[in-house]
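# Fold and contact review
Residue-level listing of the chains:
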Amino acid sequence: MAIEDNPRSREQYGAELKRRRESAGLTQEQLSQRAVMSRTHIEAGRRRPDPDDARRLDQVLEGGGFFENFLPTLDGRQVAEHFAEAAELERQAIAIKQYASTLVPGFLQTPDYAHEVLSSGHPAKSDGKRDSLLATRVERARILDNFDSPKVTLLLSETVLRQAIGGPQVMCDQLRHLVELGQSRRIRVHVLPFAVGSHALLEGPLKLMWFEELPPVAYVEGLKSGRIWELQRTVRELEDVYDHALGDAMSHRKSLALLRSVAEDYEHEAQREQHP
């Protein structure tokens, strides 16, 4: 059975990996090449191991299934399987730059907005499953508790503002939440307006993350799928794509003004619904 994921369990995993690697007379680079993996820094206990890496480690080090069976879970937190590693990296990041094409990113969602998103997926989720996912999503917002880290830059398609998730009052509250974060200098917000037309990130969402001691990574997500990119050449290319799209976006000040304006429109709509 998989053990609970926490700093101590990851350290134990890394220590056992180091012991077995040294017993086999291999350097980290040699093990990396034989196991076809780049994450030898797992030995330091800072990153959650990947299941495929674990299986290859068992093969190379003749672990007899040790590494795969020891593989940590995510502290009991509920996230989509393809997002599991990205969620762990999100917690460790000192800087995040994210482009959202249709939805407000999970760690910036209000509870009501998140509830609506999690209630509308297919196949339908039980109330218990939805509430568990909601609790995890709300918990993710705690990475913003520290004013200094991570530094967050949010690039939003105007679609995110106009897609009326949960109705006008939910959208009003959600957009004002982003405005408050932007006004408090906790995040930087830039909107890509419809008028821009084609831009560099039309293909979909992108999250870039930087760390204190690890190289940066990129996370690209699609329908029920997601991929972590660690190859630094690819990460740099995706950084360039992000910066190119950012150059087409509205300034932080003008973006906040647009968010306020759209939030007011939603508020008026909500009032009309209450008092037709």
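Remember, predicted model here, so these are calculated numbers, not experimental data.

With that out of the way, let us pick up unusual backbone geometry. Each neighbour pair has its own omega, and for S149 with P150 the value is 0°, a cis peptide bond. For P150, the location among the structural elements is in the loop between helix 7 (127-140) and strand 2 (151-157). Within the chain, R185 stands out as a residue other than glycine whose phi angle is a positive 65°. Position of R185 relative to the elements: it lies in the loop between helix 9 (168-183) and strand 3 (187-192).

With that settled, consider the nonpolar core. Counting 40 residues, the largest nonpolar core has L161 and L175 as its most contacted members. Per-element tally for this core: the top contributor is helix 9, with seven residues. Excluding residues within four positions of it along the chain, L161 makes contact with L156, M171, L175, V191, L258, L259, V262 and Y266.

Now for the sheet that holds strand 5 (residues 217-222). Taken in spatial order, the six strands of this open sheet run 3-2-1-4-5-6, and their pairing is mixed. Sheet topology places strand 3 and strand 6 (225-229) at the edges, where each strand pairs with a single neighbour. For this sheet the average axis-to-axis angle between neighbouring strands, irrespective of direction, equals 10°. Looking at chain direction, strand 1 (residues 95-100) and strand 2 are connected through six bridges and run parallel. For Q98, the partnering residue across the bridge sits in strand 2 and is L154. Across the sheet, helix 5 (residues 84-92) touches strand 1, strand 4 (206-210), strand 5 and strand 6, and the angle it forms with strand 4 is around 45°. On top of the sheet, helix 10 (residues 232-246) reaches strand 1, strand 2, strand 3, strand 4, strand 5 and strand 6; it is set at about 120° to strand 4, its chief contact.

Parameters and conventions
- Residues numbered from 1 in each chain as written.
- Predicted model: local features only at pLDDT ≥ 70, side-chain atom pairs only at ≥ 80, totals over all residues.
- Heavy atoms only, no water.
- Helix = DSSP H or I, 4+ residues; strand = E, 2+ residues; numbered from the N terminus.
- Core = buried A, V, L, I, M, F, W, Y, C linked by side-chain atoms within 4.5 Å.
- Buried < 20%, exposed > 50% of the residue type's maximum accessible area, 1.4 Å probe, protein only.
- Contact = heavy atoms within 4.5 Å.
- Pairing = 2+ DSSP bridges.
- Axes fitted to C-alpha atoms, helices over the stretch in contact; angles between N-to-C directions.

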